[in-house]
Amino acid sequence: MAFLLGLFLGVVVGVGLVMGFVRSENYRSKQRSELAATVAAFSKMTVEDSRKILPAQFYPSWVVFSHRQKLTWLNLELMKIWPYVNEAASELIRTSVEPVLEQYRSAILASLKFSKLTLGTVAPQFTGVSIIEDDISGITMELELQWDGNPSIILDIRTKLGVALPIQVKNIGFTGVFRLIFKPLVEEFPCFGAISYSLREKKKLDFTLKVIGGEISSIPGISNAIEGTIRDAIEDTLTWPVRKIVPILPGDYSDLELKPVGILEVKLVQATGLTNKDLIGKSDPYAVLYIRPLRDRMKTSKVINNDLSPIWNEHYEFIVEDASTQHLTVKIYDDEGIQASELIGCAQVRLKDLQPGKVRDVWLKLVKDLEVQRDRKDRGQVHLELLYCPFGMENEFSNPFASQNFSMTSLEKALKSEVNGIEAEIDRTTLRKKDVIMRGVLSVTVISAEDLPAMDVMGKADPFVVLRMKKLETKNKTRVVNESLNPTWNQTFDFVVEDGLHDLLILEVYDHDTFGKDYIGRCIMTLTRVIMEGEFTDSFPLEGAKSGRLNLHLKWAPQPIYRDT
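A brief structural summary. (Residues numbered from 1 in each chain as written. Predicted model: local features only at pLDDT ≥ 70, side-chain atom pairs only at ≥ 80, totals over all residues. Heavy atoms only, no water.)

### A few points about the nonpolar core
This is how it is decided: Residue types Ala, Val, Leu, Ile, Met, Phe, Trp, Tyr and Cys, when buried and joined through side-chain atoms within 4.5 Å, form a set referred to as a nonpolar core. Burial status follows relative accessibility: with a 1.4 Å probe on protein chains alone, a residue under 20% of its type maximum counts as buried, one over 50% as exposed, and anything between as partly exposed. Secondary structure elements follow DSSP: runs of H or I no shorter than four residues count as helices, runs of E no shorter than two count as strands, and numbering proceeds from the N terminus. A contact between two residues is defined here by any heavy atoms of the two lying within 4.5 Å.
Ranked by internal contacts, the top residues of the largest apolar core, which has 35 residues, are Leu101, Leu155, Ile157, Ile167, Val169, Phe207 and Ile226. Secondary-structure elements contributing two or more residues to this core are helix H3 (72–104), strand S1 (109–118), strand S2 (125–132), strand S3 (139–148), strand S4 (152–159), strand S5 (164–182), strand S6 (194–211) and helix H4 (222–237). Ignoring sequence-local partners within four residues, the contact set of Ile226 consists of Leu109, Leu155, Ile157, Ile167 and Leu209. With 32 residues, the next largest nonpolar core counts Phe495, Val497, Ile520 and Leu542 among its residues.

### Side note on the packing of aromatic side chains
What counts is decided by this rule: Under the pairing criterion, centres of Phe, Tyr and Trp rings, with the six-membered ring standing for Trp, must be within 6.5 Å; the plane angle then separates stacked pairs below 30 degrees from edge-to-face pairs above 60, leaving the rest tilted. Lysine and arginine charges are scored as sitting over a ring when NZ or CZ, respectively, is within 6 Å of the ring centre and within 35 degrees of the ring normal.
Taken as a whole, this structure holds six aromatic pairs when the rule is applied. Geometrically, the ring pair formed by Phe174 and Phe178 is tilted, given 6.2 Å between the ring centres and 55° between the ring planes. Accessibility expressed as a relative area gives 9% for Phe174, which makes it buried. Geometrically, the ring pair formed by Phe182 and Phe192 is edge-to-face, given 5.0 Å between the ring centres and 70° between the ring planes. Residue Phe182 is found in strand S5, and its partner Phe192 is found in the loop between S5 and S6; the two are separated by ten residues along the sequence. Accessibility assignment for this pair places Phe182 and Phe192 in one class, buried. An aromatic cluster is defined as three or more aromatic residues linked by ring pairs; in this entry it consists of Phe464, Tyr510 and Tyr519. The ring of Phe464 carries Lys477 above its face, with NZ or CZ at 5.5 Å from the centroid. Seen from the ring of Tyr510, Lys517 lies directly overhead, with NZ or CZ sitting 4.3 Å from the centre.

### As for the packing of H3 against H4
Here is the rule we go by: Geometry is summarised by axes, namely lines fitted to C-alpha atoms with helices restricted to the contacting stretch, and by angles between N-to-C directions that run from 0 to 180 degrees. Helix crossings get a hand from a simple test, with the near helix turned counterclockwise from the far one by less than a right angle marking a left-handed crossing and a clockwise turn marking a right-handed one. The residue classification treats Ala, Val, Leu, Ile, Met, Phe, Trp, Tyr, Cys and Pro as nonpolar and Asp, Glu, Lys and Arg as charged. All others, Gly included, are polar.
Relative orientation of the contacting elements H3 and H4 amounts to 120°, with a least axis distance of 9 Å. In the crossing of H3 with H4, the sense of the turn from one axis to the other is right-handed. Only Thr229, Ile230, Asp232, Ala233, Asp236 and Thr237 of H4 make contact with H3, whose side of the interface consists of Val100, Leu101, Gln103 and Tyr104. Of the residues belonging to the contact of H3 with H4, the class tally is five nonpolar, three polar and two charged.

### A word on the layout of surface pockets
Think of a ball as big as a water molecule: rolled over the atoms, this probe shows where empty space is left. The test is simple: Here a cavity denotes grid points, spaced 1 Å and computed from the protein atoms alone, that fit a 1.4 Å probe unable to get out, and a pocket denotes an open set having protein on both sides within 12 Å along at least 5 of 7 lines; residues with an atom within 4 Å of a point are the lining. Grid points are joined across faces, edges and corners, and a volume is the space filled by probe spheres set on the points.
Roughly 1600 Å³ of volume is contained in the second largest pocket. In terms of lining residues, the second largest pocket is bounded by 39 residues, among which Ala89, Ile93, Leu119, Phe178 and Leu238 are the most central. In terms of residue count, the dominant contributor to the lining of the second largest pocket is H3 (twelve residues).

Quick look at the structure:
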């Protein structure tokens, strides 16, 4: 009986195990089929579909949606014809680049020429292509290119001391985006009149310099001079907005050439909360500003010693060649004397975000690297005042010197204006002009303050405001309002300003104590707006304070004079 019972239970358990295994396999097979169907559905999704399912803010920072298509077929064909391209391009590069190198060679070099130039056996790789849909009069194509080549490039260098050196350029690594513009479109084959090409974006350019038979580091300054010459030559001859034009059909293509389109006026006002780079004392900051990183187009401010909130109040002008793609770059450095300066932070402003003819006051957050957007460290802020003036534009400026209106193409220089019958204009033969000195009376009414931080034990403050012009020693101050975080003053002060466009109004808020005063915060502002508008009322946040705003009314009464420069 026991044998039969055991046999029966064994059969039942065995059948149950087999049925469970079959059921499990069927379930896993169904799951695999559903997963395959899901993967197939995802593979058919477009970028727009994925963005609808999962908004951009939920993607990790390393996910990038590219609009560029792959070019495997083009790379295969380029590898086949590369030996012929190498022969043709080497001579073209030699004849076109040598004059540019000579133009940008450093002062310590007497001459710089190619003695050998071949591009090697490794062809560049095109990693993507995209079409830019922003111009109906032509076709714009961007090709992303990567090249880790083995070229043979030898430069014959001669220094001012008469020393001749053969310098080898090796280990070249390049990644960038080339732009091709087929324009204008015509009704004659091949349907476009010319091709323009340019280096739209230079993501990476690395190379090594080596003295043949020696070590380049043994000659101080040579390596930096040659590297700077090469980079400047590339920037000024090939990097966008510079473009090379190749005519395909006969015609006048001068409109495609690089031309200045306007002037960007920049006032570097101040910086606040800069990171301290010194172990003893504070950083000695200065600023470098540029649109194109060429040595003769970069502007450098003065050094402010031992200050993490420097005030510069310096004015610069930059030539703009393509407002739709160019940026203004600001880099703040800590001056280290004879040692290399240390970068504190940098920032950029897109010129296309500026309204032509309108002054824009901006505070820019400093970051470590403009290419890396995940910088969370607070490196400080820089304060700029920007004005973009396109050539030929009738700006909406009112003449601050007289009652009538007239056009101005520059904020700080009147190239041609008339005041009381006196004409100030450029003398085309001597290139002399008259600078306008914005002399006048500035009336400042300190109306009130709001939401000041508590400075006393009882949660109150006894605030007052000290007013001064940066270039003047004269100071004024309001009365003290006791036990108030929202004081009202309604007091007016007048300042005789000798040069309004180059001066600053500084208002500092203090808490009055029996034995002194405690600093609360400050407002620093240029006079540009009040000079242009004549009069305005506005609210300004307090710098250096946890909270608080000042309500002010400003009025300007001009008294213009001229100075020959």
